[in-house]
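# Breakdown of the fold
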Amino acid sequence: AHAERIGSLHRAQISGAVRMTHKSLLKVDARTKKRNAAEKRFKTYGFAAIIVSMLALVTLLTSVIGTGASAFKQTYATVTVQLPEDKLDKSGVRDIDVMKKVTTIGYAKILNQGLTDTVAATGIATELSTKDIGGMLSKEAAATIRDHILANPDLIGQEVTLDLLMNGRTDGYFKGRVTMESAALDSNTSPEELALAQALADADIVHTKFNWAFLTNPDASDQRPEAAGLGVAILGSLYMMIIVLVVSLPIGVAASIYLEEFAPKNRWTDLIEVNISNLAAVPSIVYGILGLAIFINFMEFNQSSPLVGGLVLSLMTLPRIIIPARAALKSVPPSIRDAALGVGASKMQSLFHHVLPLAAPGILTGVIIGLGQALGETAPLLLIGMVAFVREYPAAYTPDAGLFGEASTALPVQVFNWTQRADPGFVERASGAIITLLIFLLIMNAVTIFLRRKFERRW
């Protein structure tokens, strides 16, 4: 009976303790409320960070596209021009050497008269002189028609109709960059010239069309923003990316394979790994200083050549390829290696037949991202002198001589160059070059996604 009373007392105590500690699952206590509130705050912070990032991206793209989209359009005038033989070929035998003695000044006078006659033929009344009317054309127009005549000397003595560039101010008027009020304060144009340009546009003499020349023409002088193009810069960037790919891909992949698959784990490999990680964080301008010291001062390569630029960018890209390549190799399960070795494969066969194909998507992703970063670098190229003004496609700009010989430029350097010029037309050109660079980077990232999804293997 005593034992029963003690057991009953214990059961009562346990039951009371259970009643005191028992809490309903439907009732949220203070600690749970606090955790839920912290979770909600964290989600809010993350969502706000995404919104801020998207707004910054939209603002950036809106600013760049709003300023640079007009660079892909250009204003031209359809002008009928007489090509008198007594002014363009006094010898009368179509000798190119004699015809070359006629400078662009002589062709400019012919163009001025041609545009004046075109205005008169449309019946548009104006008080502007022949010189002022001809000044509405770009200074590049005279060089354009001169090159056209030298390439086709049989046109001399005939009447030809050509689409010729209008000058930067007239072009800016049709793009909304120049107004009548600003023209009144500008020594390079006048409201009367803009009014005449508008009348010619109404008569379908002046028109705006897509500007393919922006992607194919070389750079132009400070006085001819309407004629400036990205042709040489695009070609220079292409040459440098070829060099970066040829140099960085085999060296970077080989280094990552050795460090991940063959190197012993000791203090030396640890030191190498730490230095590779540090090199990936080194500012790009440091690589420019290194390239200046090694490739130009010591090895005496041609300054501003694509070879030097490509080698400098290769040094900068190597650690950015090695790190993701090692991560891709490490992500392959050890069971793949063990299975290959278990059926009699050698270490090299296991690596090249099984591990490397499975790691290929990650390696290719790292390579393309590294190339994309190299494509947008400016600081190291400035230090090795790739700010040269390249007015024409060099005669030796072929895949062999162009890589090693003549001066070149690149897309990001061209952007920097144009932003340093005073004419507002170059600001438009610089933004257009940024759009072109972003399109190239977008294509490279799309290729990265495609390769990853195409070759990715799941296990």
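In this report, the structure presented in the accompanying data block is examined.

What follows concerns the overall build of the chain. Along its length, the chain carries 21 helices and 3 strands. Scaling as 2.2 N^0.38, a compact globule of 459 residues should have a C-alpha radius of gyration of about 23 Å, whereas the chain reaches 34 Å, well beyond that. Each principal axis of the C-alpha distribution contributes one length, and for the chain these read about 140 × 60 × 40 Å. Here the chain holds 459 residues, and 41% of them are scored as buried. Contacts in the chain between residues far apart in sequence, at least 24 positions, make up 78% of those at least 6 positions apart. Per element, the accessible surface of the chain, about 25300 Å² overall, is 63% carbon and sulfur.

With that settled, consider the packing of helix H14 (residues 284-298) against helix H15 (residues 306-331). With their axes 9 Å apart at the nearest point, H14 and H15 run at an angle of 130 degrees to one another. In terms of axis orientation, H14 runs oblique to H15. In this structure, H14 crosses over H15, and the sense of that crossing is right-handed. Where H14 approaches H15, its residues Ser284, Tyr287, Gly288, Leu290, Gly291, Phe295 and Ile296 are matched on the opposing element by Val308, Leu311, Val312, Leu315, Met316 and Pro319. Split into classes, the residues belonging to the contact of H14 with H15 amount to 10 nonpolar, 3 polar and no charged.

Moving on, we come to a nonpolar patch on the surface. On the surface, Ile50, Met54, Leu57, Leu60, Leu61, Ile65 and Leu438 cluster together into a nonpolar patch covering about 620 Å² of accessible area. Relative to the helices and strands, Leu60 resides in helix H2 (residues 30-68).

Now for the sheet that holds strand S2 (residues 159-165). Read across the sheet, 3 strands follow the order S2-S1-S3 without closing on themselves; strand pairing throughout is antiparallel. Where the open sheet ends on each side, the last strands, each with one partner, are S2 and strand S3 (206-210). Across this sheet, the average inter-strand angle for adjacent strands is 35 degrees, counted without regard to direction. By the bridge criterion, 5 bridges tie strand S1 (residues 73-82) to S3 in an arrangement that is antiparallel. What sits directly across from Tyr76, in S3, is His207.

Our focus in this paragraph is the environment of Val312. Considering the arrangement of structural elements, one finds Val312 in helix H15. Sequence separation between Val312 and Lys139 is 173 residues; the distance between their C-alpha atoms is 38 Å. Among residues more than four places away in sequence, those in contact with Val312 are Tyr287, Gly288, Gly291, Phe295, Pro380 and Ile384.

Ranked by internal contacts, the top residues of the largest apolar core, which has 56 residues, are Met240, Met241, Leu313, Ile363, Leu381, Ile384 and Trp418. If you list the elements that add at least two residues to this core, you get helix H12 (231-262), H14, H15, helix H17 (347-375), helix H20 (411-419) and helix H21 (424-455). When near neighbours in sequence (up to four residues on either side) are disregarded, Met241 contacts Leu313, Leu371, Ala374 and Leu375. Of all hydrophobic cores here, the second largest spans 33 residues; its members include Leu137, Ile145, Leu200 and Val206.

Once that is clear, we can look at empty space enclosed by the protein. In this structure the tally under the stated criterion is 4 cavities of 30 Å³ or more. Looking at the largest cavity, its volume works out to about 50 Å³. Lining the largest cavity we find Asp219, Met386, Val387, Ala388, Phe389, Val390, Thr409, Val413, Gln414 and Asn417.

Turning next to the pattern of salt bridges. In this structure the tally under the stated criterion is 15 salt bridges. The residue Asp219 makes a salt bridge to Arg421 at a minimum N-O spacing of 2.6 Å. Taken together, the residues span a long stretch of sequence, with Asp219 in the loop between helix H11 (213-216) and H12 and Arg421 in the loop between H20 and H21 at a distance of 202 residues. Comparing Asp219 with Arg421 shows no difference in burial state: the two are buried. Residue Arg326 pairs with Glu260 through a salt bridge whose shortest N-O separation is 3.1 Å. With a gap of 66 residues between them, Arg326 in helix H15 and Glu260 in helix H12 connect regions that are remote in the sequence. What makes Arg326 buried here is its relative accessible area of 13%. If you follow the salt bridges from partner to partner, you end up with Asp171, Lys175, Arg177, Glu428 and Arg429 in one network.

Bringing the layout of surface pockets into the picture now. Where empty space is left in the structure can be found by rolling a water-sized probe over the atoms. Here the largest pocket is characterised by a volume of approximately 730 Å³. As for the largest pocket, its lining consists of 30 residues, and the residues nearest its centre are Gly135, Leu137, Ser138, Lys139 and Asn167. When residues of the lining of the largest pocket are traced back to their parent elements, those giving at least two are helix H5 (104-122), helix H6 (130-134), helix H7 (139-151) and helix H8 (168-174). Examining the composition of the lining of the largest pocket, we find that 6 residues originate from one element, H5, more than from any other. Of the residues that constitute the lining of the largest pocket, the class distribution is 9 nonpolar, 10 polar and 11 charged. Within this model, the second largest pocket holds a volume of roughly 390 Å³.

Thresholds applied
- The numbers attached to residues start from 1 for each chain and follow its sequence in the written order.
- Where local features are concerned, this predicted model is filtered to residues with pLDDT of at least 70; where side-chain atom pairs are given and counted, the filter is 80 or more; whole-chain, interface and lining totals use all residues.
- The side-chain numbers reported here are obtained from all heavy atoms of the structure, hydrogens and water having been left aside.
- Helix and strand definitions here come from DSSP, where helices need a minimum of 4 consecutive H or I residues and strands a minimum of 2 consecutive E residues; each element is numbered from the N-terminal end.
- The quantity called the radius of gyration is restricted to C-alpha atoms. Its globule counterpart is 2.2 Å times the number of residues to the power 0.38.
- Only protein chains enter the accessibility calculation, which uses a 1.4 Å probe; a residue whose area is less than 20% of its type maximum is buried, one above 50% is exposed, and one in between is partly exposed.
- A contact between two residues is defined here by any heavy atoms of the two lying within 4.5 Å.
- Accessible surface area values rest on a Shrake-Rupley calculation with a 1.4 Å probe, where residue burial reflects the displayed protein chains alone.
- Helix axes are fitted to C-alpha atoms over the stretch in contact, other axes to C-alpha atoms as well, and angles between N-to-C directions run from 0 to 180 degrees.
- What sets the label is the angle itself: under 35 degrees gives roughly parallel, over 145 gives roughly antiparallel, 65 to 115 gives roughly perpendicular, and the rest give oblique.
- Take the far helix as the reference: if the near one is turned anticlockwise from it by less than a right angle, the crossing is left-handed, and if turned clockwise, right-handed.
- For this classification, Asp, Glu, Lys and Arg are treated as charged, while Ala, Val, Leu, Ile, Met, Phe, Trp, Tyr, Cys and Pro are nonpolar and the rest, including Gly, are polar.
- A patch consists of residues exposed above 30% relative accessible area that lack any salt bridge, with like charges linked at up to 9 Å and nonpolar side chains (Val, Leu, Ile, Met, Phe, Trp, Tyr) linked at up to 5 Å.
- Salt-bridge detection follows one rule: a side-chain nitrogen of Lys or Arg within 4 Å of a carboxyl oxygen of Asp or Glu.
- Pairs of strands are assigned from DSSP output, requiring at least two bridges between the strands.
- Only buried Ala, Val, Leu, Ile, Met, Phe, Trp, Tyr and Cys residues count toward a nonpolar core, and they belong to the same one when joined by side-chain atoms within 4.5 Å.
- The pocket and cavity definitions rest on a 1 Å grid over protein atoms only: a 1.4 Å probe that fits but cannot leave marks a cavity, an open set with protein on both sides within 12 Å along at least five of seven lines marks a pocket, and residues lining either have an atom within 4 Å of a point.
- Grid points are joined across faces, edges and corners, and a volume is the space filled by probe spheres set on the points.

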